[in-house]
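As a plain string of letters, each chain reads:
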Amino acid sequence: MSDKKYVMTYEGVRKLEEELEFLKTVKRKEITEKIKVALGYGDLSENSEYDEAKNEQAFVEGRIIQLENMLKNATVIDESEISTDMVSVGSIVKVKDYDFDEEVEYTIVGSAEADPMENKISNESPVGKSLLGKKIGDVVEAVVPGGVSKFEILGIRRD
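Given the structure is predicted, the values throughout are model-derived calculations rather than measurements.

(A) A look at the pairing of strand β7 (residues 147-157). Here 6 bridges tie strand β3 (residues 92-97) to β7, and the two strands are oriented antiparallel to one another. Across the sheet, the residue bridging to Asp97 is Phe151, located in β7. Taken together, the 6 bridges between strand β6 (residues 139-144) and β7 define a ladder with antiparallel strand orientation. Paired with Val144 across the strands is Gly147, a residue of β7.

(B) Broad picture of the packing of aromatic side chains. Under the defined criterion, the tally for this structure stands at 1 aromatic pair. Arranged with centres 6.4 Å apart and planes meeting at 85 degrees, the rings of Tyr106 and Phe151 form a pair that is edge-to-face. Residue Tyr106 is found in strand β4 (residues 102-109), and its partner Phe151 is found in strand β7; the two are separated by 45 residues along the sequence. Taken individually, Tyr106 and Phe151 each receive the classification buried, so the pair is uniform in this respect. The aromatic ring of Tyr98 is capped on one face by Lys96, whose charged end is 5.6 Å from the ring centroid. The aromatic ring of Tyr98 is capped on one face by Lys150, whose charged end is 5.2 Å from the ring centroid.

(C) Representation of the packing of helix α1 (residues 10-39) against helix α2 (residues 48-72) within the structure. Their axes nearest at 9 Å, the elements α1 and α2 cross at an angle of 160 degrees. On the basis of their axis angle, the class for α1 and α2 is roughly antiparallel. The hand of the α1/α2 crossing is left-handed.

(D) Focus on the pattern of salt bridges. Applying the stated criterion to the full structure yields 13 salt bridges. Residue Glu11 pairs with Lys120 through a salt bridge whose shortest N-O separation is 3.3 Å. On the criterion of sequence distance, the pair formed by Glu11 in helix α1 and Lys120 in strand β5 (residues 120-122) is long-range, its members being 109 residues apart. Judged by relative accessible area, which is 32%, Glu11 ranks as partly exposed. Glu30 serves as the salt-bridge partner of Lys27, at 3.2 Å between the closest nitrogen and oxygen. With Lys27 and Glu30 both in helix α1 and 3 residues apart, this pair spans about one turn of that helix. Note on Lys27: relative accessible area 19%, which makes it buried. For Glu30, a relative accessible area of 37% puts it in the partly exposed group. Via salt bridges that share partners, Glu11, Lys15, Glu118 and Lys120 belong to a single interconnected network.

The rules we used
- Position numbers for residues start from 1 in each chain and track the written sequence from start to end.
- Predicted model: local features are reported for residues with pLDDT of at least 70 only, side-chain atom pairs are reported and counted for 80 or more only, and whole-chain, interface and lining totals are derived from all residues.
- Based on all heavy atoms of the structure, the side-chain values leave hydrogens and waters out of the count.
- For two strands to pair, DSSP has to find at least two bridges joining them.
- Numbering of helices and strands runs from the N terminus; a helix is a DSSP stretch of H or I covering at least four residues, while a strand is a stretch of E covering at least two.
- Stacked, edge-to-face and tilted are the three classes for Phe, Tyr and Trp ring pairs, Trp counted by its six-membered ring, which pair at centre distances within 6.5 Å; planes under 30 degrees apart are stacked, over 60 edge-to-face, the rest tilted.
- In this scheme, a residue with accessible area under 20% of its type's maximum is buried, one over 50% is exposed, and one in between is partly exposed, where area comes from a 1.4 Å probe on protein chains only.
- Only lysine NZ and arginine CZ atoms are considered, and such an atom sits over a ring when it is within 6 Å of the ring centre and within 35 degrees of the ring normal.
- Here an angle of 0 to 180 degrees is reported between the N-to-C directions of two axes, which are lines fitted to C-alpha atoms, with helices fitted over the stretch in contact.
- Working rule for angles: under 35 degrees goes down as roughly parallel, over 145 as roughly antiparallel, 65 to 115 as roughly perpendicular, anything else as oblique.
- Two helices crossing with the near one rotated counterclockwise from the far one by less than a right angle form a left-handed crossing, whereas a clockwise rotation gives a right-handed crossing.
- A carboxyl oxygen of Asp or Glu within 4 Å of a side-chain nitrogen of Lys or Arg is what we treat as a salt bridge.

This is the structure we're talking about:
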């Protein structure tokens, strides 16, 4: 597994720790129970419940390893040090999106915390990368899958 550094906020670390705790305690017990029940059905060669439980177990164990690695390699951002003069990880950026002619607020987060449905975009995404280091009034272009998007930075704040 790579030793990539994950830039994260305290909130992001807390969410990953909660997920890890849930997987290690609740989910592992549920899967163990499913495997026990499936073993009671007899012949494993035609036992889809057993196969499904083992696949779920493999997925959960893989996710646990992934979360432990992310937490081990996390670099936590001190929110009090986030500048409001320039966009950085942890910034909440208000932009004018020229493609849709609307104002949008994005929170720039590390890749492990990205959640486009909540307007939390990764510092490694095309839009996030293009906004980093910019100031209010700057107009930036980001190469996105649909072409090029243009944004004007209207405001920078922190929570």
